[in-house]
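What the coordinates show
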Amino acid sequence: MNKEANIKCDGCGAALTFKSGTGSLSCQYCGHSQAINIETDSSVIEEFDINEYVRETFDKEAVTEVATVKCNACSAETTLGDRLASKVCPFCSAPLVIQQAQVKRMHTPQYMLPFAVTEKEAFSNFQSWIKRLWFAPNALKQYAVRNDKLQGVYLPFWTYDCSTTSRYVGKRGENYTVSGPNNSRTTRVRWSHASGTVYSYFDDVLVPATSSLPNNRLEALEPWDLENLKPYDGHFLTGFKTENYQITLRQGFSDAKNKMLRLIRQGIKADIGGDRQSISHVYTEYDNATFKHILLPCWVSAYRFNGKTYQFLVNARTAEVQGDRPFSWVKITLAILTVLTLVGVLYSLDWKVIGEQLSLSINSL
């Protein structure tokens, strides 16, 4: 990935950093700002043919050298800009050994979404999310008032477009009922052979190119406003970390096929029709497959509790919060005991006497 653009402030000479939610670089010392000018037409988003790219372009594509450091605890590999104050891994909060930083040659992403949600806004949503958690330990609640844990990170993703032709063999089930003894009725299924072809088109199937975060957690951050992608520009990286991609283009396409297959099977079931469907075989051809290599912005935090690391993510475009959470078994136990106590009290009451007393009270009115 391109090295961070190093632009000096006209006012005081300090390095400018990208200001979330704007199209400008800002000086954290004197407040001077400078617009980021994008020369490329950002309204035209180009897709790249996978086979052609791997065969003819990948080895010839320009690469740049970046300083990266690999976390010894979770193996995440991120860029380490000179102006980043935090030397802690954003994914597990373990200290980074700066002396182990290496210079690597990386392929440059084609597009990106810059940070739109500020750190203050992200942390406000993060606080609200934590405070809504039932049975969360008090230590986690206290953590919500500290504003020194969120780190801005650009995460690598692949997107894939593809046309598919799926030929299937299966069964179509029709429900019918039969009468039994004592007026009982039983539902049974009458199965018949089914086969056919389903055509589908997939646009921007999003696949993480990182293995540092769980896929289900990243999927929960969706949707992303990919229609607002901008051409890659190193100016937007200033002041933020960037994780290097760990999932290759081919591996990403394999993951994308799995996501497509889930939707393809839904289409097949709709094509089979009936009350129930059974799919025994599917053969899918993938044609005109194209891709984009993009960066998406997240605010990331990691919290250690009882020796285990819990990760929290904030979509830096929509402020959506997702994460893991520990449970306080003390609180859960107290809640269970409280419920059992209430049940015991209610069970021990003489409801007949209570009913008679209520009746007398009502009659006396």
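Residues numbered from 1 in each chain as written. Predicted model: local features only at pLDDT ≥ 70, side-chain atom pairs only at ≥ 80, totals over all residues. Heavy atoms only, no water.

Glancing now at the pairing of strand β14 (residues 308-315). Burial of β14 is extensive: 6 of the 8 residues sit out of reach of the surface. What sits between β14 and strand β15 (residues 321-323) in their antiparallel hairpin is a turn of 5 residues, with A319 showing a positive phi close to 75 degrees. (Buried < 20%, exposed > 50% of the residue type's maximum accessible area, 1.4 Å probe, protein only. Helix = DSSP H or I, 4+ residues; strand = E, 2+ residues; numbered from the N terminus. Pairing = 2+ DSSP bridges.)

This part is about helix α5 (residues 249-272). Because an α-helix completes one turn every 3.6 residues, residues spaced three or four positions apart along the sequence face the same direction. The end-to-end C-alpha distance of α5 is 34 Å, a good match for the 34 Å that 24 residues give at a rise of 1.5 Å each. Those residues of α5 lying buried are L249, G252, F253, A256, K259, M260, I264, I268 and I272. At the C-terminal side of α5, G273 shows a positive phi close to 75 degrees. (Expected span 1.5 Å × (residues − 1).)

Pairing between side chains of opposite charge can happen when their charged atoms approach one another. By the definition in use, this model includes 5 salt bridges. For K292, the salt bridge is made with D204, and the minimal N-O distance between the two is 2.6 Å. Separated by 88 residues along the polypeptide, K292 in strand β13 (residues 276-305) and D204 in strand β10 (residues 185-208) bring together distant segments of the chain. Residue D204 is classed as partly exposed on the basis of its relative accessible area, which comes to 22%. R317 is paired through a salt bridge with D225; the nearest N and O atoms lie 2.6 Å apart. Here D225 lies in the loop between α4 (215-220) and β11 (230-231) and R317 lies in the loop between β14 and β15, a separation of 92 residues in the sequence. (Salt bridge = Lys/Arg side-chain N within 4 Å of Asp/Glu carboxyl O.)

Under the defined criterion, the tally for this structure stands at 2 cavities of 30 Å³ or more. Of the voids in this model, the second largest cavity is the one considered here, and its volume is about 40 Å³. Lining the second largest cavity we find F157, L206, P208, L218, E219, E222, W224 and K259. Every element with two or more residues in the lining of the second largest cavity is listed here: β10 and α4. Residue composition of the lining of the second largest cavity, grouped by class: 5 nonpolar, no polar and 3 charged. (1 Å grid on protein atoms, 1.4 Å probe; cavity = no way out; pocket = protein on both sides within 12 Å on 5 of 7 lines; lining within 4 Å. Points joined across faces, edges and corners; volume = space filled by probe spheres on them. Nonpolar A, V, L, I, M, F, W, Y, C, P; charged D, E, K, R; others polar.)

Function cannot be read off these values alone, since they describe shape.
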